[in-house]
Amino acid sequence: MRTVAVLGATGSIGRQALDLIGRHSGSFKASVLTANQNHEALFDMVRAFRPEAAGLVVRPKELPEDVRFCDWYFGEDCSERALLAHRPDDCLAAVVGIAGLGAVMTALAACERVLLANKEALVTAGDLVMARARELGKTILPVDSEHSAIFQCLEGANGNPPRRLILTASGGPFRTWSAERIRGATVVDALGHPTWRMGEKITVDCATMMNKGLEVIEAHHLFQMPEAALDVVVHPQSVIHSMVEFPDGAILAQMGAPDMRGPIGYALGYPARLPYGAVPLDFAKLTLTFEAPDEARFPCLRLAREALREGESAPVVLNGANEAAVGAFLQGAIPFGDIARLVEGALQTVPKRVIDSLEAVRAADREACAFVRKALKAS
């Protein structure tokens, strides 16, 4: 029986992870559950899974009597304190954004394995996170479908080093739209992803293709590959989740129906695979197509690559400005096309700094967010 902390339990990844834990309750115990502010949903999860501890960033007005059996933690560091107090075997880090960075670093110290669904931790502090994992001898298992696919392909490579990693992208809801139409897209348009069901922020990131840019940076840190060896191809059917090319030209691809329980389950059960009722592929009915990404219509992918090449605080600024701009878009404060414009402005304006500590990461993030706020006031 492995104990598991699910950070971001009420989000899309957290809910699907708990579905898997419920299906395999003889092997896994959800021992720590935390969330941001969706207290009613978390209360229901606490009632269902009976964890040792639970936490909310935003303290509710009242804690129902029937959920008081476990230890409760409140505040921005609730996940960190719960992890250190209860030390579960595994931590599924599924908090959205840079807010999850501290918990990832704490999980490396407190848990045997970190199941990483928070890509921003590596985007903003990849060198620090990976160095800490090596220092502690801890395992980081990727949960993003693309990085899980690459990891699975490398597991089957028999030690042969890769020449190129190829991340697939669905193309999002605006794959066939003109640049002018994309610039004026509404929130409803952006949240209409054609193949995946995710939270609002990541769904908007998919619409701008920033998500794929962040994944390129994450892959660089996870697999120690240079930017030039990280390719992106648009694959609208979302059946091939990513590929690995080897020096002899052979390519291994990981395939499956677009269901996040696949990569979550592979990380949770690794090296075993957890059945979850996946829909089998019918190859006789499959048509798989591929396109080159259009960085003119989707400049966020280009900006992410530029930030990775520049290094140091550039990826932090990229991520911070994007989080602030996406938040403004979701609130109706800016048009869709302004997301990329604000991110590019931040990259050109925010002073560069050396990233040698978590405080340096947070300082660069604050400066990026401040740039966006100032730009919004001036507009």
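In case you missed it, the structure is sitting above this.
Please read all numbers here as calculations on a predicted model, not as lab measurements.

Chemist: How do you make sense of the overall build of the chain when you look at a structure like this?
Modeler: Counting secondary structure elements, the chain contains 15 helices and eleven strands. Computed over the C-alpha atoms, the radius of gyration of the chain is 20 Å, within 12% of the 21 Å expected from 2.2 N^0.38 for a compact globule of 379 residues. With respect to the principal axes defined by its C-alpha atoms, the chain has extents near 55 × 55 × 40 Å. Within the chain, the fraction of its 379 residues that count as buried is 55%. Pairs at least 24 residues apart make up 65% of the contacts formed inside the chain by residues separated by at least 6 positions. Here the chain has roughly 16000 Å² of accessible surface; of this, 51% comes from carbon and sulfur atoms. Between the centroid of the 39 positive side chains of the chain and the centroid of its 45 negative side chains there is a distance of 2 Å.

Chemist: Would you take a moment to explain the pairing of strand β6 (residues 113-116) for this structure?
Modeler: As a general feature of sheets, a regular strand has side chains that alternate between the two faces. Side chains of β6 alternate between two faces, with Arg113 and Leu115 and Val114 and Leu116 buried alike. Of the strand pairs in this sheet, strand β5 (residues 90-93) and β6 are connected by four bridges, and their pairing is parallel. Residue pairing across strands places aspartate 90 opposite arginine 113, the latter belonging to β6. The handedness of the β5 to β6 crossover, carried by helix α4 (residues 101-110), is right-handed. In the classification by handedness, the crossover that spans β6, the intervening helix α5 (residues 119-136) and the parallel strand β7 (residues 139-142) is right-handed.

Chemist: Is there a simple way to explain the packing of α5 against helix α10 (residues 210-223) in this structure?
Modeler: When two helices pack together, their arrangement is given by the angle between the helix axes and by the axis-to-axis distance. For the pair α5 and α10, the least separation of the axes is 8 Å and the interaxial angle reads 20°. As judged from the angle between their axes, α5 and α10 are roughly parallel. Along this stretch, α5 crosses α10, giving a crossing that reads as left-handed. Residue-level inspection shows Lys119, Leu122, Val123, Gly126, Asp127 and Met130 of α5 in contact with α10, the latter providing Asn211, Leu214, Glu215, Ile217, Glu218, His221 and Leu222. Its residues assigned to classes, the contact of α5 with α10 shows six nonpolar, three polar and four charged.

Chemist: Explain the pattern of salt bridges to me, please; I cannot follow it from the model alone.
Modeler: Any two side chains of opposite charge can pair, on the condition that their charged atoms come close. Applying the stated criterion across every chain yields a total of 30 salt bridges. Note that arginine 309 and glutamate 227 form a salt bridge whose closest N and O atoms lie 3.1 Å from each other. In this pair, arginine 309 is assigned in helix α12 (residues 299-310) and glutamate 227 in the loop between α10 and β9 (230-234), connecting sequence segments 82 residues apart. Here arginine 309 falls in the exposed class, since its relative accessible area comes to 53%. Of the residues examined, glutamate 227 reaches a relative accessible area of 16% and is grouped as buried.

Chemist: What is the right way to look at the pairing of strand β2 (residues 28-35) in this model?
Modeler: Here β2 lies mainly inside the structure; seven of its eight residues are buried. For strand β1 (residues 2-7) and β2, the ladder comprises six bridges, and the chain directions are parallel. What sits directly across from alanine 5, in β2, is valine 32. In this fold, the crossover linking β1 to β2 by way of helix α1 (residues 12-23) has right-handed handedness.

Chemist: What am I meant to see in the side chain of threonine 168 here?
Modeler: With respect to the element layout, threonine 168 can be found in strand β8 (residues 164-169). Engagement of the side chain of threonine 168 in a polar contact is seen with the backbone oxygen of histidine 241, the distance being 2.9 Å. Setting aside anything within four residues of it in sequence, one finds threonine 168 in contact with Glu146, Lys212, Val233, His235, Ile240, His241, Ser242 and Met243.

Chemist: How should the sheet that holds β8 be read in this particular structure?
Modeler: Adjacent strands of a sheet form backbone hydrogen bonds with each other and so pair up, either parallel or antiparallel. Read from one edge of the open sheet, four strands run β9-β8-β10-β11, paired in mixed fashion. With one partner strand each, in any of the chains shown, β9 and β11 (251-255) form the two edges of the open sheet. Averaged over all adjacent pairs, the angle separating strand axes in this sheet is 20°, with direction ignored. Alignment of β8 against strand β10 (residues 240-245), held across four bridges, turns out to be antiparallel. Bridge pairing links leucine 167 to serine 242 in β10. The sheet contacts of α10 involve β8 and β9, and relative to β8 the element is tilted by about 150°.

Chemist: Quick question: what am I supposed to make of helix α11 (residues 261-269) here?
Modeler: Residues spaced three or four apart along an α-helix face the same direction, because each turn holds 3.6 residues. Along α11, eight of the nine residues are buried, which leaves the element largely enclosed by surrounding structure. Among the residues making up α11, those that are buried are Arg261, Pro263, Ile264, Gly265, Tyr266, Ala267, Leu268 and Gly269.

Rules behind the numbers
- Positions within a chain are numbered from 1, following the residues in the order the chain's sequence is written.
- Note on the predicted model: pLDDT of at least 70 is required for a residue's local features to be given, and 80 or more for side-chain atom pairs to be given and counted; whole-chain, interface and lining totals, by contrast, use all residues.
- Heavy atoms throughout the structure, all of them, feed into the side-chain values; hydrogens and water do not.
- Helix and strand labels come from DSSP, where a helix needs a run of H or I of at least four residues and a strand needs a run of E of at least two; each type is numbered from the N terminus.
- The reference for a compact globule is 2.2 Å times residues^0.38; the radius of gyration itself is calculated from the C-alpha atoms.
- Think of it in three bands: with a 1.4 Å probe and only protein chains considered, a residue is buried below 20% of the maximum accessible area for its type, exposed above 50%, and partly exposed in between.
- Any pair of residues with heavy atoms lying within 4.5 Å of one another is described as a contacting pair.
- Where accessible areas are quoted, they stem from the Shrake-Rupley method and a 1.4 Å probe; at the residue level, only the protein chains shown are allowed to cover.
- Positive residues here are Lys and Arg, negative ones are Asp and Glu, while His and the chain termini are left out of the count.
- Lys charges are placed at NZ, Arg charges at CZ, Asp charges at CG and Glu charges at CD.
- Pairing between strands is defined by DSSP: at least two bridges between the two strands are required.
- Call a crossover right-handed when, viewed with both strands pointing away from you, the route from the first strand across the helix to the second goes clockwise.
- Every axis corresponds to a line fitted to the C-alpha atoms, with the helix fit spanning only the stretch in contact, and the corresponding angles, defined between N-to-C directions, vary from 0 to 180 degrees.
- The cut-offs work like this: below 35 degrees is roughly parallel, past 145 is roughly antiparallel, 65 to 115 is roughly perpendicular, and the gaps in between are oblique.
- Here a crossing is called left-handed whenever its near helix is offset anticlockwise from the far helix by less than a right angle, and right-handed whenever the offset is clockwise.
- Nonpolar residues are Ala, Val, Leu, Ile, Met, Phe, Trp, Tyr, Cys and Pro. Charged residues are Asp, Glu, Lys and Arg, and all others, Gly as well, are polar.
- The term salt bridge refers to a side-chain nitrogen of Lys or Arg lying within 4 Å of a carboxyl oxygen of Asp or Glu.
- N or O atoms within 3.5 Å of each other form a polar contact, as long as, within protein, one can give a hydrogen and the other can take it, and as long as residues adjacent in sequence are counted only when both atoms are side-chain atoms.

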